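Remarks on the overall topology
Spelled out from the first residue to the last, the chains are:
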Amino acid sequence: MERQPSQEYIPVARLSDLDARGRTVVQVDGARVAIVRVEGELFAFQDTCPHREGSLSEGDLEGYVMHCPLHAWPFDVRSGLCPVIRGARIRVYPLRVVGEEIQVAPFSGRVSAP
Ligand code: FES
């Protein structure tokens, strides 16, 4: 079945909701989703680390890689892949900005556990 992107995006926040670092956390389908500005672009991804549930939105960014604040597992915010832990990844969500509104498409793919 072909996706209908214009029908799947839901408003989750406004640009003014972003903190000084360009970050916020929202709920999408019952999941915590981090929205983070990187290199001037916004990305949405699973906030809960698959290792021991650290809040990724509180981590440190290195380029496009977010490091978990608890044990520093790194995740690429563009793909969700972890470059050092085989099989570890996080969900990433399509995001768009319409005016001042941040919209995210609920996750519909599969993620393998580490
Ligand atoms: S909880 Fe994220 S690396 Fe351990």
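Everything quoted here is computed from the prediction, not taken from an experiment.

**So, the sheet that holds strand 4 (residues 41-46)**
Spatially, 2-3-4-8 is the arrangement adopted by the 4 strands of the open sheet, whose pairing is antiparallel. Each edge of the sheet is formed by a strand with only one pairing partner; in this case those strands are strand 2 (23-28) and strand 8 (92-93). Pairing of strand 2 with strand 3 (residues 31-38), which is carried by 6 bridges, proceeds in the antiparallel orientation. Its bridge partner being in strand 3, Arg23 is matched across the sheet by Val36.

**Looking at the state of the cysteines**
Covalent bonding between the sulfur atoms of two cysteines defines a disulfide. For the coordinates displayed, the defined rule picks out 0 disulfides. For the unlinked cysteine Cys82, the closest cysteine sulfur is that of Cys49, found at 8.4 Å.

**A word on the pairing of strand 9 (residues 95-98)**
Looking at chain direction, strand 9 and strand 10 (residues 101-104) are connected through 4 bridges and run antiparallel. Note on strand 10: the bridge partner recorded for Val98 is Glu101. What sits between the antiparallel neighbours strand 9 and strand 10 is a turn of 2 residues, in which Gly99 has the positive phi angle 65°.

**What about the nonpolar core?**
Core analysis: the biggest nonpolar cluster contains 15 residues, and Val36, Phe45, Leu56, Met66, Phe75 and Val77 have the highest contact counts within it. Mapped by element, the contributors of at least two residues to this core are strand 3 and strand 4. Per-element accounting of this core gives the leading share, 3 residues, to strand 3. For Val77, the residues in contact, after removing those within four places along its chain, are Val38, Phe43, Phe45, Tyr64, Met66 and Val92. Val33, Ile35, Leu42 and Leu95 belong to the second largest nonpolar core, which has 13 residues in total.

Reading the values: the criteria
- Residues numbered from 1 in each chain as written.
- Predicted model: local features only at pLDDT ≥ 70, side-chain atom pairs only at ≥ 80, totals over all residues.
- Heavy atoms only, no water.
- Pairing = 2+ DSSP bridges.
- Helix = DSSP H or I, 4+ residues; strand = E, 2+ residues; numbered from the N terminus.
- Disulfide = S-S within 2.5 Å.
- Core = buried A, V, L, I, M, F, W, Y, C linked by side-chain atoms within 4.5 Å.
- Buried < 20%, exposed > 50% of the residue type's maximum accessible area, 1.4 Å probe, protein only.
- Contact = heavy atoms within 4.5 Å.

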